[in-house]
Amino acid sequence: MELALYQPDIAQNAGTLMRLGACLSIPVHIIEPCGFPFGTKDMRRAVMDYADIADVRRHLSWNHFLADSENKRVVLLTTKTTDRFTDFTFSKTDILLLGRESSGVPEEVHEQVDARVTIPMHKSARSINVAVSAAMVLSEGLRQTNSFPS
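Residues numbered from 1 in each chain as written. Predicted model: local features only at pLDDT ≥ 70, side-chain atom pairs only at ≥ 80, totals over all residues. Heavy atoms only, no water.

Caption draft 1: Structural context of the nonpolar core. Core analysis: the biggest nonpolar cluster contains 30 residues, and Leu3, Leu17, Leu96, Leu98, Val137 and Leu138 have the highest contact counts within it. Listed by contribution, the elements that provide at least two residues to this core are strand S1 (2-6), helix H1 (11-24), strand S2 (28-31), strand S4 (74-77), strand S5 (95-98), strand S6 (115-117) and helix H5 (130-144). (Core = buried A, V, L, I, M, F, W, Y, C linked by side-chain atoms within 4.5 Å. Buried < 20%, exposed > 50% of the residue type's maximum accessible area, 1.4 Å probe, protein only. Helix = DSSP H or I, 4+ residues; strand = E, 2+ residues; numbered from the N terminus.)

Caption draft 2: The arrangement of the packing of aromatic side chains in detail. With the rule as written, the count across this model stands at 3 aromatic pairs. Aromatic side chains Tyr6 and Trp62 sit 6.1 Å apart centroid to centroid with 70° between the ring planes, which places their arrangement in the edge-to-face category. Taken together, the residues span a long stretch of sequence, with Tyr6 in strand S1 and Trp62 in helix H3 (residues 62-68) at a distance of 56 residues. Using a relative accessible area of 7% as the deciding quantity, one classes Tyr6 as buried. (Phe/Tyr/Trp six-rings, centres within 6.5 Å; stacked < 30°, edge-to-face > 60°.)

Caption draft 3: Local environment of the pattern of salt bridges. The tally for this structure, following the rule as stated, stands at 7 salt bridges. When the shortest N-O distance is used, the salt bridge between Asp9 and Arg100 registers 2.3 Å. Separated by 91 residues along the polypeptide, Asp9 in the loop between S1 and H1 and Arg100 in the loop between S5 and helix H4 (107-112) bring together distant segments of the chain. Owing to a relative accessible area of 17%, Asp9 belongs among the buried residues under this scheme. We classify Arg100 as partly exposed; its relative accessible area is 25%. Where Arg73 meets Asp94, a salt bridge forms, and the shortest distance between an N and an O atom there is 2.8 Å. Note that Arg73 is positioned in the loop between H3 and S4 and Asp94 in the loop between S4 and S5, a separation of 21 residues in sequence. (Salt bridge = Lys/Arg side-chain N within 4 Å of Asp/Glu carboxyl O.)

Caption draft 4: Up close: empty space enclosed by the protein. Per the stated rule, a full pass over the model turns up 1 cavity of 30 Å³ or more. Of the volumes computed, that of the largest cavity is approximately 40 Å³. Taken together, Leu5, Tyr6, Pro8, Asn13, Ala14, Leu17, Leu98, Gly99, Glu101 and Val130 form the lining of the largest cavity. Counting only elements with at least two residues in the lining of the largest cavity, the list comes to S1 and H1. The element contributing the most residues to the lining of the largest cavity is H1, with 3 residues. Of the residues belonging to the lining of the largest cavity, the class tally is 7 nonpolar, 2 polar and 1 charged. (1 Å grid on protein atoms, 1.4 Å probe; cavity = no way out; pocket = protein on both sides within 12 Å on 5 of 7 lines; lining within 4 Å. Points joined across faces, edges and corners; volume = space filled by probe spheres on them. Nonpolar A, V, L, I, M, F, W, Y, C, P; charged D, E, K, R; others polar.)

Caption draft 5: How the structure looks around the sheet that holds strand S3 (residues 56-59). Strand order in the open sheet formed by 6 strands is S3-S2-S1-S5-S4-S6, with parallel pairing between adjacent strands. Both outer strands of the open sheet, S3 and S6, are each paired with one neighbouring strand and no more. The mean angle between the axes of side-by-side strands here comes to 25°, regardless of whether they run parallel or antiparallel. Note: S1 against S2, 4 bridges, orientation parallel. (Pairing = 2+ DSSP bridges. Axes fitted to C-alpha atoms, helices over the stretch in contact; angles between N-to-C directions.)

Caption draft 6: Highlighting the side chain of Thr118. Relative to the helices and strands, Thr118 resides in the loop between S6 and H5. In this structure Thr118 comes out as buried when scored by relative accessible area, which is 11%. Within the structure, Thr118 has its side chain in polar contact with the backbone oxygen of Thr78 (distance 2.8 Å). In contact with Thr118, other than residues within four places in its own chain, are Thr78, Thr79, Thr81, Thr82, Asp83, Arg84 and Phe85. (Polar contact = N/O pair within 3.5 Å; in protein donor to acceptor, adjacent residues only side chain to side chain. Contact = heavy atoms within 4.5 Å.)

What follows is the structure, encoded as structure tokens:
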């Protein structure tokens, strides 16, 4: 499994997800442009000393990411579906795609992904923090595929 961040807005979330990836041996793709200078103090603080073991792959655009991710299924975490992540069958080669904190992903990205899943939540809630969402869904994917690090 892998994580991909679509044009992240918040350096701390990107850093937290890079740390999560490092701890779970999961590559993290950053699809640019970011809403902050890559490597900012806030991001470095969130990654802490895990930057050396983090597998971070930067892509200049969505199209570059797609070209680099051929033959892998891209699964979008979104509030714009009724398909629950707990009902989805994950594969070891899936890439979990997370949208921008401010606006998610554009409609063209929605149309190009292979699957969409959501986290069931209270009907008056708008969304869950992107790093928390990634941890929840990634954990289920790793559990299903028996892919947690030894």
